[in-house]
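As a plain string of letters, each chain reads:
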Amino acid sequence: MDQSRVIKAYRWMLLARTLDERLAQLYRAGQIFGGVFLGKGQEALSVSIGMSLQRHDVFAPLIRDGAGRLAFGETPLDALRTCLGSPLGPMRARDGNVHRGKPKEGYLPMISHLGASISVVNGALMAKRMKGEKHFVGAASIGDGATSTGAFHEALNQAAIERLPLVLVVANNQFAYSTPVASQFACQNLGDRAIGYGVRAHTLDGTDLKSCLEGMREASDLARDGDGPQLVIADLLRLCGHGEHDDAHYVSDSLKASVLGTDCMQLAEQWLREAYAIKSEEFNLWKEEALKEINEGIEQVQGEGSPDPYHHPWKSLFTRELCEHV
Amino acid sequence: MSVTYLEAIREAQAYLLEHDSRVYIYGQDVGAFGGAFKATKNLAQRFPERVIDAPISEDAMIGSAVGAAIEGMRPIIEIQFADFSTVGFNQVVNQAATLFWRTETPCPITLRLPSGGTSGGGPFHSQCLESIYAHFPGLVVCTPATVEDAYSMLIESVTLDDPVIFCEHKYLYFHLKAPNLPKDALPIGKARIARAGRDCTIVTYSAMLHECLEAAEELSGEGIELEVVDLRTVKPMDTDTIIASVARTGRLLCAAEGWPWGGVNAEVISRVVAEGFNLLDAPPQRINAKDTPIPYHPKLWSVHRPAAASIIAAARNLLRS
């Protein structure tokens, strides 16, 4: 694989991990409103989703997609603005943490209802087809928990019927909050579901950047070339709580020590050292640069002030004259 | 030559498909079959790429409409019966209704909800859900009562850059006729005085308008003149027109086919009491469907929902107080 692509992937993973670690620190320091939700352990998969997409594609990331968001074009500054409640962020302090996006740029902001973004991606893809656009794909991220929803079923079935270029990526991270996969589904492998929908399945090692980059590229290429929806299942372990309020005591030591518990960052670093002869000095430099970028971003965003509730346009409709005044 | 309420809806969609390439219709059986009520009859033949059959997946249908709207399209989603929209409720109230507030991205989708009771419809093919959608910020809720409004408000709904819940009443589909389609119309958000009167204001909308007008005709024979306000749009609600009417009559009766608790009637009364309490000569009253699921048998159904006879009784009571 091309070295520059692997390095790019690793550096986005690193930036996302650094951003997460700093957000966790700010959360513990009481400087964040609401929750903080990390993507620890999912960076390899997430960055591979982002890198499989192009500018005119559609991406509906989920809770643990910090790396994928960066790879799709989000700036750390916009991520921080949303997480710290800056009025200058894309969500203008109206929504926070992982609920961020720029719909007009194909970057969809998630709602909390799992599986609900998939059909929104479908609609964007139907629209692109009606407008005569070509060679586009849409990726939607979900976890194992969302595969239990009706929204998942309806949307995957819809995409299959319409033969949409949807890449539906399941981070099978073993837990939905505290619920283990054994209480989430009873099939042997989530990928087995693909045949029931009439779509193609891909199974990836979600801890391995190489597997993720290759698998996601293959899936998005197939979708782009007219093969219809692709269901990607990536096995991994969430290396953090559901959010920073959750100590994840329910994750057993044996699971953490298993292959699934491998930290994708460490594995990617090892790959870069062995296959591309990247030295410790370079890793250290990249880590310093990532930390510097995030710290400068935090400093800037903390100086951007907070929203003024008394001069806020409290309008929920585009058509202002139809807004209620009760 | 005359046009029915249903034909007006079909003609409005034909007009929109013809004049705006961003418009498409997506719903169950809407394609070659022409829809469960034939509201899209022959449209798939004329616009094969833009009249699309959907699987029985209200959540995915509505979710996809949001995605298409983000991409600049103007989807019309036909929900086969308003009752079934609850399956896609999440996409309406959390996805469509919040999009503009959260992101400043408009969400121009129109959900057509064939609403309300017809004889024999029963609990799951008869519901009026306008109140529950009106509860959520970020939605416009239309309830046309006339052929003219069915046509002009549907066209305006699709033209708006906001999500619209378009509650079209099934009872009116075939019975209600007008000589022709309208040339001009009141805008969405404006109520209409459907009948002028001096003794009591009745605020109503959708199919109940016609029950109220029938009641008003009958009471007129006794020298009682009801003023009937057709809300047209339940959200936003044209409070000014309501208050102005109550200022003329001093009495308020609200008539709606939906259930009473937290409904449109309750909202109208709340506003009139809050903003026009001193205009009232008597406590305002409301008449709704009974607080039970909607019955199947026509005899039960005829008493379950308000009708001219029960509206007359309610108006008489109010005028005595």
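These numbers come from a predicted model, not from an experiment.

### Considering the overall build of chain B
Looking only at helices and strands, chain B features 12 helices and 14 strands. By the compact-globule yardstick of 20 Å for 321 residues, chain B fits well, its C-alpha radius of gyration being 19 Å. Judged by the C-alpha coordinates and their principal axes, chain B covers about 60 × 40 × 40 Å. The burial tally for chain B puts 60% of its 321 residues in the buried class. Once local pairs closer than 6 in sequence are excluded, the contacts in chain B between residues at least 24 apart make up 79%.

### Remarks on the overall build of chain A
Assigned secondary structure in chain A consists of 11 helices and 7 strands. Expected size for 326 residues packed as a compact globule is a radius of gyration near 20 Å; at 20 Å, chain A falls within 12% of this value. Overall, the C-alpha framework of chain A stretches about 55 × 50 × 40 Å when taken along its three principal axes. Here chain A holds 326 residues, and 50% of them are scored as buried. Within chain A, counting contacts between residues at least 6 apart in sequence, those at least 24 apart form 73% of the total.

### Examining the interface of chain A and chain B
Taken together, the contacts link 33 residues of chain A with 37 residues of chain B. Secondary-structure elements contributing two or more residues to the side of chain A that touches chain B are α5 (116-130) and α6 (150-162) of chain A. Considering each element in turn, the side of chain A that touches chain B owes the most residues, 11 residues, to α5 of chain A. Grouping the constituent residues of the side of chain A that touches chain B by class yields 17 nonpolar, 10 polar and 6 charged.

### As for the environment of R55 of chain A
You can see R55 of chain A is positioned in the loop between α2 (43-51) and β1 (58-60). Through-space distance from the C-alpha of R55 of chain A to that of V120 of chain A is 18 Å; in sequence the pair is 65 residues apart.

### Here's the deal with the sheet that holds strand β6 (residues 200-205) of chain A
Residues and elements named next belong to chain A. The parallel open sheet is built from 5 strands, whose spatial order is β1-β2-β3-β7-β6. If you trace the sheet from one side to the other, it starts and ends with β1 and β6, each paired once. Strand-to-strand twist in this sheet, taken as the mean axis angle between neighbours without regard to direction, amounts to 20 degrees. As defined by bridge partners, strand β2 (residues 138-143) adjoins strand β3 (residues 166-172) across 6 bridges and the pair is classed as parallel. Note that in β3 the partner of S141 across the bridge is V169.

### A few points about the pairing of β3 of chain A
Residue and element names in this part refer to chain A. Among the 7 residues in β3, 7 count as buried, and that is most of the element. Both faces of β3 are covered, namely the face carrying L166, L168, V170 and N172 and the face carrying V167, V169 and A171. Regarding the hand of the β-α-β motif, the stretch spanning β2, α6 and β3 is right-handed. Looking at chain direction, β3 and strand β7 (residues 230-235) are connected through 6 bridges and run parallel. The residue of β7 that forms the bridge with A171 is A234.

### Focus: the packing of α5 of chain A against α6 of chain A
All names here are of chain A. α6 packs onto α5 with a crossing angle of 20 degrees between their chain directions and a minimal axis gap of 7 Å. Taken together, α5 and α6 sit at an angle that is classed as roughly parallel. Taken as a pair, α5 and α6 cross one another with a handedness that is left-handed. Taking contact as the criterion, the partners of A116, I118, S119, N122 and M126 in α5 are, on α6, A151, F152, E154, A155, L156, Q158, A159 and E162. Split by residue class, the contact of α5 with α6 holds 8 nonpolar, 3 polar and 2 charged.

### Quick word on the nonpolar core
Counting residues in each nonpolar core, the largest one holds 196 residues, and the members touching the most others are M13, L168 and V232 of chain A. The element contributing the most residues to this core is helix α1 (residues 3-28) of chain A, with 10 residues.

### Some thoughts on the domain arrangement of chain B
Residue and element names in this part refer to chain B. Under the domain assignment used here, chain B contains domain 1 (3-178) and domain 2 (192-320). On the domain 2 side, the residues contacting the 26 residues of domain 1 number 21 residues. Among the secondary structure elements, those contributing two or more residues to the side of domain 1 that touches domain 2 are α5 (130-134), β6 (140-142), α6 (147-159) and β7 (164-169). When its residues are assigned to classes, the side of domain 1 that touches domain 2 shows 13 nonpolar, 11 polar and 2 charged.

### Quick look at the sheet that holds strand β10 (residues 200-204) of chain B
All names here are of chain B. Taken together, 5 strands build an open sheet; the order of strands is β9-β11-β10-β13-β14 and the sheet is mixed. Each edge of the open sheet carries a strand with a single partner, namely β9 (192-195) and β14 (285-287). In this sheet, adjacent strand axes meet at a mean angle of 25 degrees when their direction is disregarded. Contacting β9, β10, β11 (226-230) and β13 (252-255), helix α8 (residues 208-220) runs over the sheet at an angle of about 170 degrees to β11. Where helix α9 (residues 239-249) meets the sheet, it contacts β9, β10, β11 and β13, and its direction lies at approximately 180 degrees from that of β11.

### Here's the deal with unusual backbone geometry
Going from K235 of chain B to P236 of chain B, the amide bond is cis rather than trans, its omega being 0 degrees. In this structure, P236 of chain B sits in the loop between β12 (233-235) and α9. Of note, A248 of chain A is a non-glycine position whose phi angle comes to about 55 degrees, a positive value. One can find A248 of chain A in the loop between β7 and α9 (253-257). Using a count of 15 C-beta atoms within 10 Å as the deciding quantity, one classes A248 of chain A as partly exposed. Although it is not a glycine, R232 of chain B adopts a positive phi angle of roughly 65 degrees. With respect to the helices, strands and loops of the structure, R232 of chain B is situated in the loop between β11 and β12.

### Some words on the environment of E244 of chain A
Residues and elements named next belong to chain A. Tracing the chain through its elements places E244 in the loop between β7 and α9. We classify E244 as partly exposed; it has 19 C-beta atoms within 10 Å. The residues contacting E244, other than those within four sequence positions of it, are A24, Y27, G35, V36 and L38.

### Side note on the pairing of strand β2 (residues 23-27) of chain B
Residues and elements named next belong to chain B. Among the 5 residues in β2, 5 count as buried, and that is most of the element. Alternating residues of β2 divide into V23, I25 and G27 and Y24 and Y26, and every residue in both groups is buried. Bridging between β2 and strand β4 (residues 74-78) involves 5 bridges; their strand directions are parallel. Across the sheet, residue I25 finds its bridge partner in β4, namely I76.

### Considering α6 of chain B
Residues and elements named next belong to chain B. The end-to-end C-alpha distance of α6, which contains 13 residues, comes to 19 Å, matching closely the 18 Å that a straight helix rising 1.5 Å per residue would cover. Of all the 13 residues making up α6, 11 are buried; the element is thus mostly covered by neighbouring parts of the structure. Within α6, the full set of buried residues consists of V147, E148, D149, A150, Y151, S152, M153, L154, E156, S157 and V158.

### Some words on helix α12 (residues 308-320) of chain B
One full turn of an α-helix is made of 3.6 residues, so residues set three or four places apart face in the same direction. All names here are of chain B. Compared with an ideal rise of 1.5 Å per residue, which puts 13 residues at 18 Å, α12 spans 18 Å between its outermost C-alpha atoms and is within 8% of the ideal. Of all the residues in α12, the buried ones are I311, I312, A314, A315 and L318. Seen along its axis, α12 keeps its buried residues to an arc of 165 degrees; they face one direction. Among the structural elements, β10, α8, β11, β13 and β14 are those in contact with the buried residues of α12.

What counts, and where the lines are drawn
Residues numbered from 1 in each chain as written. Chains lettered and ligands numbered in written order. Predicted model: local features only at pLDDT ≥ 70, side-chain atom pairs only at ≥ 80, totals over all residues. Helix = DSSP H or I, 4+ residues; strand = E, 2+ residues; numbered from the N terminus. Rg over C-alpha atoms; globule rule 2.2 N^0.38 Å. Buried ≥ 20, exposed ≤ 12 C-beta atoms within 10 Å, placed from the backbone. Contact = placed C-beta atoms within 7 Å. Nonpolar A, V, L, I, M, F, W, Y, C, P; charged D, E, K, R; others polar. Pairing = 2+ DSSP bridges. Axes fitted to C-alpha atoms, helices over the stretch in contact; angles between N-to-C directions. Right-handed = clockwise from strand over helix to strand, strands pointing away. Parallel < 35°, antiparallel > 145°, perpendicular 65-115°, else oblique. Left-handed = near helix turned anticlockwise from the far one by under 90°. Core = buried A, V, L, I, M, F, W, Y, C linked by C-beta atoms within 7 Å. Domains from an automatic or database assignment. Expected span 1.5 Å × (residues − 1). Arc of directions from axis to C-beta.

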